[in-house]
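Given next are the chains, with one letter for each unit.
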Amino acid sequence: MKLVYFTVTGQTRRFIKKLDLPAYEIEPANPFFEINEPFILVVPTYDADITDVINDFLDHQENKEHLIGVAGSGNRNFAELFVYTAKDIARDYNVPLLLSFEFSGTNEDVESFKKVVNELESKRNQRG
């Protein structure tokens with residue numbers, strides 16, 4: 001399963017590296033990359049003016065058609081605003097919020113995410 005992620009401070013990239021799965025980083029200077037396979041999006045939590053680049057990527061070509069879920073990182077100190085970027089994407093693009101984690105994730109978050117990815121791959125292979 002392909003992962004696509006966006007990072008501002010590097011926290012999301014650190015989480016992705018722990019997963020040891022194929023991943024593509026959305027580049028703010030050029031988010032117009034086409035992905036032609038199912039993917040999970042992993043995003044940090046920031047105001048829309050910073051994360052608009054994620055929507056640029058999703059709305060490019062057929063990318064949003066391949067989005068199967070989203071995971072979000074954030075800071076639990078922000079209470080109801082915790083992972084709101086991922087929640088908004090899940091709502092706006094009608095995909096499930098697969099995992100919420102803090103900062104660059106714990107070892108438990110990594111294992112939980114890998115389990116979710118494996119389950120999604122199994123379901124896809126059964127349909128396939």
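As annotated in an unreviewed UniProt entry, the chain carries the name NrdI protein and comes from Candidatus Enterococcus dunnyi.

Caption draft 1: Highlighting the overall build of the chain. Along the backbone of the chain there are five helices and five strands. Secondary structure elements of the chain, listed N to C terminal, follow the sequence β-α-β-β-α-α-β-α-β-α. In terms of overall size, the chain behaves like a compact globule, its C-alpha atoms giving a radius of gyration of 14 Å where 128 residues would be expected to give roughly 14 Å. Counting only C-alpha atoms, the chain reaches 40 × 35 × 25 Å along its principal axes. With 128 residues in all, the chain has 45% of them scored as buried. Considering only residue pairs separated by 6 or more positions, the chain has 69% of its internal contacts joining residues 24 or more positions apart. On the chain, roughly 7,100 Å² of surface is accessible, and the fraction owed to carbon and sulfur atoms is 45%.

Caption draft 2: Quick peek at the pattern of salt bridges. Using the criterion set out here, one finds five salt bridges in the structure. In this structure, D88 engages R91 in a salt bridge whose closest nitrogen and oxygen atoms are separated by 3.2 Å. You can see D88 and its partner R91 sitting in helix α4 (residues 84-92), three residues apart, about one turn around the helix. Judged by its relative accessible area of 28%, D88 falls in the partly exposed class. The class for R91 is exposed, based on a relative accessible area of 56%.

Caption draft 3: Layout of the packing of helix α1 (residues 11-19) against helix α5 (residues 107-127). Here α1 crosses α5 at 65 degrees, and the two axes come no closer than 10 Å. Handedness of the α1/α5 crossing: right-handed. Seen from α1, the contacting residues are F15, K18 and L19; seen from α5, they are D109, V110, F113 and K114.

Caption draft 4: How the structure looks around α4. Those residues of α4 lying buried are T85, A86, I89 and A90. Down the axis of α4, the sector holding all buried residues measures 135 degrees, keeping them to one side. As for α4, its buried residues are in contact with β3 (39-43), α2 (48-58), β4 (67-74) and β5 (97-102). Within two residues after α4, N94 carries a phi angle of roughly 55 degrees, on the positive side.

Caption draft 5: Local environment of the sheet that holds strand β2 (residues 23-25). With parallel pairing, the five strands of this open sheet are ordered in space as β2-β1-β3-β4-β5. Edge positions in the sheet fall to β2 and β5, since each has one partner strand and no second. Strand-to-strand twist of the sheet, defined as the mean angle between neighbouring strand axes without regard to direction, takes the value 20 degrees. In the sheet, β4 pairs with β5 via five bridges, with the strands oriented parallel. Each bridged residue has a counterpart across the sheet, and for V70 the counterpart in β5 is L97. Contacts between α2 and the sheet are confined to β1 (2-5), β2, β3 and β4, with β3 contributing the most and set at about 170 degrees to the helix. Of the strands in this sheet, β3, β4 and β5 are in contact with α4, which crosses β4 at around 165 degrees.

About the criteria used
- For every chain, the first residue of its written sequence is number 1, and the numbers climb from 1 along that sequence.
- Per-residue local features are limited, in this predicted model, to residues with pLDDT of at least 70; the limit for side-chain atom pairs, both in listing and counting, is 80 or more; totals at the level of whole chains, interfaces and linings are taken over all residues.
- Each side-chain value is worked out from all heavy atoms of the structure, with water and hydrogens disregarded.
- Helix and strand definitions follow DSSP, with helices as H or I runs of at least four residues and strands as E runs of at least two, each counted in order from the N terminus.
- All radius of gyration figures rest on C-alpha atoms, and the globule criterion is 2.2 Å times the number of residues raised to 0.38.
- Buried residues are those whose accessible area, probed at 1.4 Å on protein chains only, stays under 20% of the maximum for their type, while exposed residues exceed 50% and partly exposed ones sit between those limits.
- Contact criterion: two residues are considered in contact whenever any of their non-hydrogen atoms come within 4.5 Å of each other.
- Under the convention used here, a 1.4 Å probe and the Shrake-Rupley method define accessible areas, while residue burial counts only the protein chains that appear.
- Note on definitions: salt bridges are taken to be side-chain nitrogens of Lys or Arg within 4 Å of carboxyl oxygens of Asp or Glu.
- In this description, a line fitted to the C-alpha atoms serves as the axis of each element, helices being fitted only across the stretch in contact, and the angle between N-to-C directions of two axes falls anywhere from 0 to 180 degrees.
- Helix crossings get a hand from a simple test, with the near helix turned counterclockwise from the far one by less than a right angle marking a left-handed crossing and a clockwise turn marking a right-handed one.
- To obtain the arc, one takes the directions from the helix axis to the C-beta atoms.
- Pairs of strands are assigned from DSSP output, requiring at least two bridges between the strands.

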